[in-house]
Amino acid sequence: MSPRKAHTRTPLHRRRTTWLAAAAVALSGTGVTAIAVTGGAEGTDRVDGARPAKAHTLALDGKDPKKRTLPRTETQSFSLVGVSWEDEADGFEGTAQIRTRDASSGNWTDWRDLDFDVRAPESTEGDATGVRGASEPLWVGTSDAVEARVVADGAETAVPEALRLDMIDPGETKARGNGKSSPKPRSTGTPGETAPSPSASTSDQAPTQEPTQDPTAPPPPVPSAPPSPSPSPDVSDVPTADPSGPAPSGPAPSEAPAEDPTTRPTDEPAPSGDPVPDPTVDPSDEPTATPSDPAPSQDPTEDPTTDPTAEPTDGPTQAPDPTQPPAPTAPEIVSRADWGADESLVLDPPTYLNKVDAVFVHHTAGTNDYACADSPAIIRAILTYHVKTNGWNDIGYNFFVDKCGTVFEGRAGGVDRPVLGAHTYGFNSYSSGVSVLGDYENGGTPTAEAKKSVAEITAWKLGLHGVNPQAKVTLTAAADTGVWKKGDAATLNTISGHRDGYATLCPGASLYSALPEIRTAAGSSVYATH
């Protein structure tokens, strides 16, 4: 657990489902066991063309303790792939490579490496039953056959136990987030209400396929709020819900969420419900660090830097100048409902931090050769992989940015709230995670649109907590990360790369080298706190 305790909202009985229960089919001559795993609601063949995401696995059996191979094998349709094993604590530093067959052309790809830079979060979520070790997922596009090889080389003496190949079909959805931001994040009402439909001019826009010039400043949006999780059926028996349905709605960011006696533990104080924060609130609820000071913050302590029951401030502390046009209140963000998140996958309510002290920038790896219209499908596939392969409660990152500069909501809980994610092992309890779709280690270069959007979303997220995006902060490492030992005082930029906190190449050499430019842009953003 992090030295700074997260403000958890854990139910009395954590609900977990065993999703791997299906008929095993022996593939003749391969020595491989196929296990088909489906997700989605009853009646997956919908007349409107929408269908839920599905997960399929192939168990990589064999007698050689140092090697597993899968010959070319036809499969159900999938677009994202990775390997996983039973014990997350059993780290694997060997080599895993896959080839896939394009479902349209029938052509086979070259061998591609899978990365092993992912760790379960250093929280109760990472200790839950069913959490598996896994590679990073790789987006390969629509495919219908696969070949794989896993080798325990280097210091490894054997491949992990219960090794398998995980393949994700992202499904199709009638949600409106087709790779291009809505004019503003959806405003939501009280829990249980349906989010309003966007205007015709917004819903009829064609998705952007390639980056264009830098987008202009968006009109003022209202970020979405956390969904109210509800009990869902056992995934192994009943398919998941139709992703095209509206996401659970909640209060607007300017008001505290309503009390939900079915999900909120009785020992957590209920938020006030006042629609607007009092501008005369006691300064003790504000961040203790001076936002304009670029020097590292004071030495880390075991105590939170803010009152654990305080909510992040949403509005300005003084009235704006009436002679100036109002600045946008938040960047454009595509909501979970708009990219088609299957909320039935998320079984537990979100956990909230006391404060967001830093933002870590990541990349998803995989490919840069995707159309921006495919971004929602990529994110749906990652959600399914993180839940059904890794065994986490929800998608790990708090935000995604694609190469067209579109920003997507990640983990549920409210874009304007300090939601605990699963993205930077050892520092999740202090930070938010933004992942850029694409591979920026092997020749990929982040677009101007992507860099601009990363700067804006990080400036806004940090600004909600009075944190200067060009400053430094000192955080206590909550675990051994390969860069820091548990308990180390780590002085980091408030906008840092994944590799600054954890031993990894993420976010890739070219995106990492762009971080100074991103910090400067964030510092001059209308959302920045100085």
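Coordinates for the structure precede this section.
In this report, the structure presented in the accompanying data block is examined. (Residues numbered from 1 in each chain as written. Predicted model: local features only at pLDDT ≥ 70, side-chain atom pairs only at ≥ 80, totals over all residues. Heavy atoms only, no water.)

1. Remarks on helix α7 (residues 515-523)
Part 1: Buried within α7 are the following residues: Leu515, Ile518, Arg519, Ala522 and Gly523. Take α7 and look down its axis: the buried residues cluster within an arc of 135°, on one side only.
Part 2: If you follow the buried residues of α7, they end up packed against β10 (358-363), α4 (448-463), β15 (489-493), β16 (495-497) and α6 (509-513). (Buried < 20%, exposed > 50% of the residue type's maximum accessible area, 1.4 Å probe, protein only. Helix = DSSP H or I, 4+ residues; strand = E, 2+ residues; numbered from the N terminus. Arc of directions from axis to C-beta. Contact = heavy atoms within 4.5 Å.)

2. Side note on the nonpolar core
Part 1: Among the nonpolar cores identified, the biggest contains 29 residues, and Ile333, Phe399, Ile457, Trp460 and Ile518 are the most heavily contacted of them.
Part 2: The leading source of residues in this core is α4, at seven residues.
Part 3: In this structure, Ile457 is in contact with Pro331, Ile333, Phe399, Val407 and Val434, ignoring residues within four places of it in sequence.
Part 4: Ranked by size, the runner-up nonpolar core spans 23 residues in total, among them Ala134, Trp139, Leu345 and Tyr385. (Core = buried A, V, L, I, M, F, W, Y, C linked by side-chain atoms within 4.5 Å.)

3. With respect to the side chain of Thr504
Part 1: Of note, Thr504 is situated in the loop between α5 (498-501) and α6.
Part 2: A polar contact is formed between the side chain of Thr504 and the backbone nitrogen of Cys506, at a distance of 3.1 Å. (Polar contact = N/O pair within 3.5 Å; in protein donor to acceptor, adjacent residues only side chain to side chain.)

4. Brief notes about the environment of Gly141
Part 1: Its location among the elements puts Gly141 in strand β8 (residues 138-151).
Part 2: On the basis of relative accessible area, Gly141 is assigned to the buried category, the value being 17%.

5. Considerations on the state of the cysteines
Part 1: Summed over the entire model, instances satisfying the criterion amount to one disulfide.
Part 2: Cys372 shares a disulfide with Cys404; S-S distance 2.0 Å. Across the S-S bond linking Cys372 and Cys404, the dihedral sits near 90°, which makes this disulfide right-handed. In this pair, Cys372 sits in the loop between β10 and α3 (375-388) while Cys404 sits in the loop between β11 (399-401) and β12 (407-409), placing the two residues 32 residues apart along the sequence. Assigned by exposure class, Cys372 and Cys404 land together as buried. (Disulfide = S-S within 2.5 Å.)

6. Description of the packing of aromatic side chains
Part 1: Summed over all chains, the structure comprises six aromatic pairs.
Part 2: When the centroid spacing of 5.9 Å and the interplanar angle of 50° are considered together, the rings of Trp85 and Phe116 count as tilted. You can see Trp85 sitting in strand β4 (residues 67-85) and its partner Phe116 sitting in the loop between β6 (112-113) and β7 (133-134), a full 31 residues away along the chain. The same class applies to Trp85 as to Phe116, namely buried.
Part 3: A centroid spacing of 6.1 Å and a plane angle of 80° characterise the contact between Tyr425 and Tyr502, whose relative ring orientation is edge-to-face. Taken together, the residues Tyr425 in the loop between β12 and β13 (431-436) and Tyr502 in the loop between α5 and α6 connect sequence positions 77 residues apart. Grouping residues by exposure puts Tyr425 and Tyr502 together as buried.
Part 4: A connected cluster of aromatic rings, assembled from ring pairs, spans Trp85, Phe92 and Phe116.
Part 5: Cation over ring: Arg72 sits above Trp108, and NZ or CZ is 4.4 Å from the ring centre.
Part 6: It is Arg119 that lies over the ring of Tyr425; its NZ or CZ is 4.2 Å from the centre. (Phe/Tyr/Trp six-rings, centres within 6.5 Å; stacked < 30°, edge-to-face > 60°. Lys NZ or Arg CZ within 6 Å of the ring centre and 35° of its normal.)

7. Comments concerning the packing of α4 against α7
Part 1: For the pair α4 and α7, the least separation of the axes is 8 Å and the interaxial angle reads 55°. The angle between α4 and α7 places the two elements in the oblique class. The element α4 and its partner α7 pack so that their crossing is right-handed. Residues Lys451, Val454, Ala455, Thr458 and Ala459 of α4 pack against Glu517, Ile518, Ala521 and Ala522 of α7. (Axes fitted to C-alpha atoms, helices over the stretch in contact; angles between N-to-C directions. Parallel < 35°, antiparallel > 145°, perpendicular 65-115°, else oblique. Left-handed = near helix turned anticlockwise from the far one by under 90°.)

8. Concerning the environment of Ala381
Part 1: Mapped onto the elements of the fold, Ala381 is located in helix α3.
Part 2: Residue classification places Ala381 among the buried residues on the basis of a relative accessible area of 0%.
Part 3: Beyond its immediate stretch of four places on either side in the chain, Ala381 contacts Leu80, Trp139, Ile168 and Pro170.

9. Brief notes about the sheet that holds β11
Part 1: Ordered by their spatial adjacency, five strands build an open sheet running β12-β11-β13-β10-β16, and the pairing between neighbours is mixed. In this open sheet, the two strands that pair with only one neighbour each are β12 and β16. On average, each strand axis in the sheet is inclined to that of its neighbour by 30°, with strand direction left out of account.
Part 2: Direction of pairing for β10 relative to β13: parallel, over a ladder of six bridges. Looking at the pairing, Ala358 lines up with Ser431 of β13.
Part 3: Lying on the sheet, α4 is in contact with β10, β11, β12, β13 and β16; it crosses β11 at an angle near 160°.
Part 4: Across the face of the sheet, α7 comes into contact with β10 and β16 while running at roughly 165° to β16. (Pairing = 2+ DSSP bridges.)

10. Topic: α3
Part 1: For α3, which comprises 14 residues, the first-to-last C-alpha distance of 20 Å matches the rise-based estimate of 20 Å (1.5 Å per residue) to within 8%.
Part 2: In terms of burial, α3 is largely enclosed, as 14 of its 14 residues are buried. (Expected span 1.5 Å × (residues − 1).)

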